[in-house]
Amino acid sequence: MSFQSIIDSCDSVIKAAGNLSDAKKNAIDFIAKYRSLTEKNVSLESDKIGLKRTILALSEEKASAEANVHAVAIEMKKLDSMNAGMINQIAALKKSLLSSDE
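Figured I'd write up the structure that's included with this text. Quick caveat: nothing in here was measured; it's all calculated off a predicted structure.

**Let's talk about the pattern of salt bridges**
Two side chains carrying opposite charge are able to pair once their charged atoms lie near each other.
At step 1: Taken as a whole and assessed by the stated rule, the structure comprises two salt bridges.
At step 2: Notably, a salt bridge pairs Lys25 with Asp29, separated by 3.1 Å at the nearest N-O pair. Placement of the pair is Lys25 and Asp29 together in helix α1 (residues 3-101), with a separation of four residues, close to one helical turn.
At step 3: As a salt-bridge pair, Lys62 and Glu66 come within 3.8 Å of each other at their nearest N and O atoms. One end of the pair is Lys62 and the other is Glu66, both in helix α1 and four residues apart, which spans about a single turn.
At step 4: When its relative accessible area of 52% is taken as the criterion, Lys62 is described as exposed.

Each value, and the rule that gives it
Residues numbered from 1 in each chain as written. Predicted model: local features only at pLDDT ≥ 70, side-chain atom pairs only at ≥ 80, totals over all residues. Heavy atoms only, no water. Salt bridge = Lys/Arg side-chain N within 4 Å of Asp/Glu carboxyl O. Helix = DSSP H or I, 4+ residues; strand = E, 2+ residues; numbered from the N terminus. Buried < 20%, exposed > 50% of the residue type's maximum accessible area, 1.4 Å probe, protein only.

The following block contains the structure:
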């Protein structure tokens, strides 16, 4: 083996070592990014579960509120009916008072 071929082989080994070092750095960076994304995913999944619970609670509150609105609407109809009856009674009393004054 000639001296030049030994030098060329050494240069190739040095270049390969540099490439290996770059590959190792890239792998370390990738692993760090992967871990970061995994942590974010866990956090997002936790947030998602929390939001599902909130939606469920709000759905239950909505159903309860709708039932309350329905009950209030029925009560308002009753009160409107009573109010109309009282207006009629007042009108009849006024008429009666006016006719008794004559």
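Next comes the rest of the write-up.
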